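# Analysis of the macromolecular model
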Amino acid sequence: MSEQSSLQIKLRRAGGVGPNTNWHWEVQDASGKVLKTGSAVGPEHKAFATARIAKEKLEAAGK
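All values derive from a computational prediction rather than experimental measurement. (Residues numbered from 1 in each chain as written. Predicted model: local features only at pLDDT ≥ 70, side-chain atom pairs only at ≥ 80, totals over all residues. Heavy atoms only, no water.)

Here we take up the overall build of the protein. Along its length, the protein carries one helix and three strands. Listing the helices and strands of the protein from first to last along the sequence gives β-β-β-α. Across its three principal directions, the C-alpha atoms of the protein cover 40 × 25 × 20 Å. The 63 residues of the protein split such that 25% are buried. Counting every atom, the protein has about 4600 Å² of accessible surface; 51% of that belongs to carbon and sulfur. Taken as two groups, the 10 positive and 6 negative side-chain charges of the protein have centres that lie 6 Å from each other. (Helix = DSSP H or I, 4+ residues; strand = E, 2+ residues; numbered from the N terminus. Buried < 20%, exposed > 50% of the residue type's maximum accessible area, 1.4 Å probe, protein only. Areas by Shrake-Rupley, 256 points an atom, 1.4 Å probe, with all protein chains shown as cover. Lys, Arg positive; Asp, Glu negative; His and termini not counted. Charge placed at Lys NZ, Arg CZ, Asp CG, Glu CD.)

Let's shift gears to the pattern of salt bridges. One pass over the full model with this rule turns up two salt bridges. Here R52 and E56 are joined by a salt bridge, their closest N and O atoms 3.1 Å apart. Within this pair, R52 and its partner E56 are both found in helix 1 (residues 44-62), separated by four residues, close to a single helical turn. (Salt bridge = Lys/Arg side-chain N within 4 Å of Asp/Glu carboxyl O.)

In terms of nonpolar packing, the biggest core is built from six residues, these being L7, I9, W25, V27, A51 and A54. For this core, the secondary-structure elements that each account for two or more residues are strand 2 (22-28) and helix 1. When residues no more than four places from it in sequence are discounted, the contact partners of A54 are W25 and K36. (Core = buried A, V, L, I, M, F, W, Y, C linked by side-chain atoms within 4.5 Å. Contact = heavy atoms within 4.5 Å.)

With respect to the secondary-structure elements, T21 resides in the loop between strand 1 (8-15) and strand 2. Residue class for T21 comes out buried when judged on its relative accessible area of 7%. Looking at T21, its side chain comes within polar contact range of the main-chain oxygen of G18, at 2.8 Å. (Polar contact = N/O pair within 3.5 Å; in protein donor to acceptor, adjacent residues only side chain to side chain.)

Relative to strand 3 (residues 34-41), strand 2 is paired through seven bridges, and the arrangement is antiparallel. Residue pairing in the sheet places H24 in a bridge with S39 of strand 3. Hairpin connection of strand 2 to strand 3: five residues between the antiparallel strands, including G32 at a positive phi of 95°. (Pairing = 2+ DSSP bridges.)

Structure below.
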């Protein structure tokens, strides 16, 4: 059985349109405290993938 993560990703659009869309992401713990932030330009799925990589690194460092 896999372990459930208490970290979550919050993604919001900060501006732009189409391929120039600017995304701001945050990785938060269960209490809502921001552990890491960043931004990405491009489609939403690429911004989410960037945030997911940061989340996985935080999870690996915590083990």
